[in-house]
Amino acid sequence: MEMNPLQIVAITLGAVLVIYSVKDDAMGFLGGIKKMFSSKKSVVAKKETLTTLVRKWDALSDALKASGLEEAHSKLQEVFPMLIKVEENE
């Protein structure tokens, strides 16, 4: 089966168009896979998360005290025993 030059050019042009149209999707997919396997976590993000958790705990503790919910406040103290020491030092 022989192909004339016009057929070769048409097939090549079609292949280039298909590759060009699929390129962005393939790169996005491969980039997503790369992000999934790279597990670099910054130390700053962990500190911000811990700080946010402590602030939320403190706000909840204050709200429970202000509302007179002593039983809920004592349960909160049981769940976060390390934060009780911080509160007692203040």
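For every chain, the first residue of its written sequence is number 1, and the numbers climb from 1 along that sequence. In keeping with the model being predicted, local features are shown solely for residues with a pLDDT of at least 70 and side-chain atom pairs are shown and tallied solely at 80 or more, while totals for entire chains, interfaces and linings include all residues. Where side-chain values are given, they derive from all heavy atoms of the structure, hydrogens and water being excluded.

1. Overview of the overall build of the protein chain
Then, number 1: Helix and strand counts for the protein chain stand at 4 helices and 0 strands.
Then, number 2: Along the protein chain, from the amino end to the carboxyl end, the secondary structure elements read α-α-α-α.
Then, number 3: We call a residue buried when its accessible area falls under 20% of the maximum for its residue type, exposed when it is over 50%, and partly exposed in between, using a 1.4 Å probe and counting protein chains only. Counting across all 90 residues of the protein chain, residues that qualify as buried make up 8%. In this text, helices come from DSSP runs of H or I with a minimum length of four residues, and strands from runs of E with a minimum of two, each type numbered from the N-terminal end.

2. As for the pattern of salt bridges
Then, number 1: Here a salt bridge means any side-chain nitrogen of Lys or Arg lying within 4 Å of a carboxyl oxygen belonging to Asp or Glu. One pass over the full model with this rule turns up 1 salt bridge.
Then, number 2: Between Glu78 and Lys75 there is a salt bridge; the shortest N-O distance is 3.9 Å. Separated by 3 residues within a single helix, Glu78 and Lys75 lie in helix 3 (residues 70–79), roughly one turn from each other.
Then, number 3: Accessibility expressed as a relative area gives 45% for Lys75, which makes it partly exposed.

3. Regarding helix 1 (residues 5–37)
For an α-helix the count is 3.6 residues per turn, leaving residues at separations of three or four pointing the same way.
Then, number 1: Between its first and last C-alpha, helix 1 extends 45 Å over 33 residues, near the 48 Å set by a 1.5 Å rise per residue.
Then, number 2: We define the bend at each residue as the angle formed by axes fitted to the 7 residues ending at it and the 7 residues starting at it. A maximum bend of about 40 degrees is found in helix 1 at Lys23. Take the residue count of a helix, subtract one, and multiply by 1.5 Å to get its expected span.

4. Looking at a nonpolar patch on the surface
Then, number 1: To count toward a patch, a residue needs a relative accessible area above 30% and no salt bridge. Like charges then connect within 9 Å, nonpolar side chains (Val, Leu, Ile, Met, Phe, Trp, Tyr) within 5 Å. For the area figures, the Shrake-Rupley method with a 1.4 Å probe applies, and any residue is considered shielded solely by the protein chains shown. On the surface, a nonpolar cluster with roughly 270 Å² of combined accessible area is contributed by Met3, Ile8 and Ile11.
Then, number 2: Mapping Ile11 onto the fold places it in helix 1.

5. A few points about the side chain of His73
Then, number 1: The residue His73 is located in helix 3 in this model.
Then, number 2: Under the rule applied, a polar contact is a pair of N or O atoms within 3.5 Å (in protein, one hydrogen donor and one hydrogen acceptor; residues adjacent in sequence only if both atoms are side-chain atoms). One polar contact links His73 to Ser61, side chain to side chain, over a distance of 3.0 Å.

6. A few points about helix 3
Then, number 1: For helix 3, every residue scored as buried is listed here: His73, Leu76 and Gln77. Looking straight down helix 3, one finds its buried side chains confined to an arc of 100 degrees; they lie on one side. In helix 3, the exposed positions that point more than 90 degrees away from the buried face belong to Glu71, Glu78 and Val79. It is the directions from the helix axis to the C-beta atoms whose arc is reported.

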